[in-house]
Amino acid sequence: MKKTIIALSALLLASPVFAATTTDNTVAEAHKGADTAKEKLHQSQNEGAEMKLKAKHAAEGESNSTSSKVSEGSQKAWNKTKEGTEKGWDKTKQGAEELKNKVTN
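Presented here is an overview of the structure given in this document. All of these numbers come straight from a predicted model, not from anything done at the bench. (Residues numbered from 1 in each chain as written. Predicted model: local features only at pLDDT ≥ 70, side-chain atom pairs only at ≥ 80, totals over all residues. Heavy atoms only, no water.)

Turning our eyes to something else, we now look at the overall build of the chain. Across its full length, the chain carries two helices and zero strands. When the 105 residues of the chain are sorted by exposure, 11% land in the buried category. Accessible surface, the chain as shown: approximately 8400 Å² in total, 63% of it carbon and sulfur. (Helix = DSSP H or I, 4+ residues; strand = E, 2+ residues; numbered from the N terminus. Buried < 20%, exposed > 50% of the residue type's maximum accessible area, 1.4 Å probe, protein only. Areas by Shrake-Rupley, 256 points an atom, 1.4 Å probe, with all protein chains shown as cover.)

Relative to the helices and strands, Ala28 is located in helix α1 (residues 2–59). Using a relative accessible area of 36% as the deciding quantity, one classes Ala28 as partly exposed. Placed 70 residues apart in sequence, Ala28 and Glu98 show a C-alpha to C-alpha distance of 9.3 Å.

We now examine the pattern of salt bridges. Overall, the coordinates contain three salt bridges when judged by the stated rule. A salt bridge links Asp90 to Lys38, with the shortest nitrogen-to-oxygen separation between them at 3.0 Å. In this pair, Asp90 sits in helix α2 (residues 66–104) while Lys38 sits in helix α1, placing the two residues 52 residues apart along the sequence. Residue classification places Asp90 among the buried positions, given a relative accessible area of 8%. On the basis of relative accessible area, Lys38 is assigned to the partly exposed category, the value being 28%. Taken together, the shared-partner salt bridges in this structure form one network comprising Lys38, Asp90 and Lys93. (Salt bridge = Lys/Arg side-chain N within 4 Å of Asp/Glu carboxyl O.)

Below you can see the structure in the form of structure tokens.
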């Protein structure tokens, strides 16, 4: 009986650790899913902006001009820069959140 009570007490003391680990894993998976969805959304938005720019150049009769190609290339580069910066910022925020959770728990 005494061993059962000790084992049960140990299990109850350890349960918050298991719950915290499960919660941390769930939060990490949710962040990963949100990041993927946000990345896909922004890629679609960027493709739309690039297509709009190409259509504008085509309507102006400048679709094959050097200036339109430079402009379209600049648009792509800018979109890649924004995506990279956003990914970095998201990782920084998640790292800060994880650190805050470790300190407060």
